[in-house]
Amino acid sequence: MQFTVDLPTKPYVDQYIKKHFGNPANFSKDKDILDRFRKCLSKPDKSRDKEYKCRNLSLQRYSEVTKVLISEWDFYHYGWEISVTDTVSFGKRMERRAKYEMRSYISLCSALMMKRDAVLRFQKTFGYTEDVWPYESICRDYSRFGPIEKIDITSEVVLKIETIIMRNLSELRTSSEPLKLCHGNSK
């Protein structure tokens, strides 16, 4: 018998979980996440619940409810409720994963296309519509925390091709000594 736990999440975290773990989410494929989720169920951390409630922060941005599968064994041994503190803590963990995936994907694509196109491709590929994870929000995060150094693939490829051509020309003895030194003579 399978049970589910309702986990309030931010819209893009909900989409990330559904994309990677299904709907309802089945964390059994990822031992680290499953263990962390079980800890949220078995020993709920309520240390910041009052703070979240007093400051009216209690899950304001957690507008989605993600259903998470738990086994009958988990239900009886760990429980079926998750505190506000654990909801926020677990949500942040999943948010870091989603942002890591976003930054990695956009970094890779940015080496081959404009950043704008890379962000739009990311949204389309992973199903993040504007109401789930807005373009501007992604751009802001990527600008703050994305890679500092941009790879110029075209220059790197041209340099490699030049090196190969110069090496081949030097073997045919058709290139001058300064050109060989300029492009190296390594094989």
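Residues numbered from 1 in each chain as written. Predicted model: local features only at pLDDT ≥ 70, side-chain atom pairs only at ≥ 80, totals over all residues. Heavy atoms only, no water.

**Student:** I tried to follow the overall build of the protein on my own but got confused; where do I start?
**Tutor:** Check the secondary structure of the protein and you find 9 helices and 2 strands. When the helices and strands of the protein are placed in sequence order, the string is β-α-α-α-β-α-α-α-α-α-α. Within the protein, buried positions represent 39% of all 187 residues. Within the protein, contacts between residues at least 6 apart in sequence are counted, and of these 76% link residues at least 24 apart. Split by element, the accessible area of the protein, about 12,100 Å² in all, is 54% carbon and sulfur. (Helix = DSSP H or I, 4+ residues; strand = E, 2+ residues; numbered from the N terminus. Buried < 20%, exposed > 50% of the residue type's maximum accessible area, 1.4 Å probe, protein only. Contact = heavy atoms within 4.5 Å. Areas by Shrake-Rupley, 256 points an atom, 1.4 Å probe, with all protein chains shown as cover.)

**Student:** Please clarify how a nonpolar patch on the surface should be interpreted in this entry.
**Tutor:** A cluster of nonpolar side chains, contributed by Leu112, Ile153, Val157, Ile161, Ile165 and Leu169, occupies part of the molecular surface with about 500 Å² of accessible area. Its location among the elements puts Val157 in helix H8 (residues 153-171). On the basis of relative accessible area, Val157 is assigned to the partly exposed category, the value being 41%. (Patch = residues over 30% accessible without salt bridge, like charges linked within 9 Å, V, L, I, M, F, W, Y side chains within 5 Å. Salt bridge = Lys/Arg side-chain N within 4 Å of Asp/Glu carboxyl O.)

**Student:** Just checking my understanding: could you explain the packing of aromatic side chains for this structure?
**Tutor:** The geometry of an aromatic ring pair is captured by two quantities: the separation of the ring centres and the angle between the planes. Going through the model one piece at a time under the given rule, you end up with 14 aromatic pairs. Ring pairs connect the aromatic residues Tyr12, Tyr105, Phe122, Phe126, Tyr128 and Trp133, which therefore count as one cluster. (Phe/Tyr/Trp six-rings, centres within 6.5 Å; stacked < 30°, edge-to-face > 60°.)

**Student:** Help me out: how do you make sense of helix H2 (residues 31-42) in this one?
**Tutor:** At 3.6 residues per turn, the α-helix brings residues three or four places apart onto the same side. For H2, spanning 12 residues, the distance from its first C-alpha to its last is 16 Å, which sits close to the expected 16 Å at 1.5 Å a residue. Tucked inside the fold, the buried residues of H2 contact strand E1 (2-9), strand E2 (64-71), helix H4 (72-77) and helix H5 (84-110). At the N-terminal boundary of H2, the capping side chain belongs to Asp30, with an oxygen 3.2 Å from the backbone nitrogen of Asp32. (Expected span 1.5 Å × (residues − 1). Polar contact = N/O pair within 3.5 Å; in protein donor to acceptor, adjacent residues only side chain to side chain.)

**Student:** Any chance you could explain the packing of helix H1 (residues 11-21) against H5 here in plain terms?
**Tutor:** Each packed pair of helices is defined by two parameters, the angle between the axes and the distance between the axes. The geometry of H1 relative to H5 is characterised by a closest axis approach of 9 Å and an angle of 75° between their N-to-C directions. The angle between the axes of H1 and H5 places the two elements in the roughly perpendicular class. Contacts between H1 and H5 pair Tyr12, Val13, Tyr16, Ile17, His20 and Phe21 from the former with Gly91, Met94, Glu95, Arg97, Ala98, Lys99 and Glu101 from the latter. Taken together, the residues of the contact of H1 with H5 break down into 7 nonpolar, 2 polar and 4 charged. (Axes fitted to C-alpha atoms, helices over the stretch in contact; angles between N-to-C directions. Parallel < 35°, antiparallel > 145°, perpendicular 65-115°, else oblique. Nonpolar A, V, L, I, M, F, W, Y, C, P; charged D, E, K, R; others polar.)

**Student:** How should I be thinking about the packing of H5 against helix H7 (residues 135-145) in this particular structure?
**Tutor:** For the pair H5 and H7, interaxial distance at closest approach is 10 Å and the crossing angle is 80°. In terms of orientation, H5 lies roughly perpendicular with respect to H7. Residues Lys99, Met102, Arg103, Ile106, Ser107 and Ser110 of H5 touch H7, and the partners they reach there are Ile138, Asp141, Tyr142 and Phe145. Counted by class, the contact of H5 with H7 contains 5 nonpolar, 2 polar and 3 charged residues.

**Student:** Any chance you could explain the nonpolar core here in plain terms?
**Tutor:** Membership of the largest hydrophobic core comes to 37 residues, with the highest contact counts inside it found for Ile17, Phe27, Phe37, Met94, Phe122 and Tyr128. For this core, the elements supplying multiple residues, two or more each, are E1, H1, H2, E2, H5, helix H6 (115-126) and H7. In terms of residue count, the dominant contributor to this core is H5 (7 residues). When near neighbours in sequence (up to four residues on either side) are disregarded, Phe27 contacts Ile17, Phe21, Ile33, Leu34, Phe37, Val68, Phe90 and Met94. (Core = buried A, V, L, I, M, F, W, Y, C linked by side-chain atoms within 4.5 Å.)

**Student:** Can you help me understand a negative patch on the surface in this one?
**Tutor:** Taken together, the side chains of Glu64, Glu130, Asp131 and Glu136 make up a negatively charged region of the molecular surface. Secondary-structure assignment places Glu136 in helix H7. (Lys, Arg positive; Asp, Glu negative; His and termini not counted. Charge placed at Lys NZ, Arg CZ, Asp CG, Glu CD.)

**Student:** Please explain the confidence of the model for the protein as it appears in this structure.
**Tutor:** Atomic detail in the predicted coordinates should be set aside for any region of low pLDDT. The pLDDT averaged across the protein works out to 82; a share of 80% of its residues lies at or above 70. When pLDDT is averaged over each helix and strand of the protein, the minimum, 52, is found for helix H9 (residues 177-183) and the maximum, 95, for H1. (pLDDT = per-residue confidence, 0-100.)

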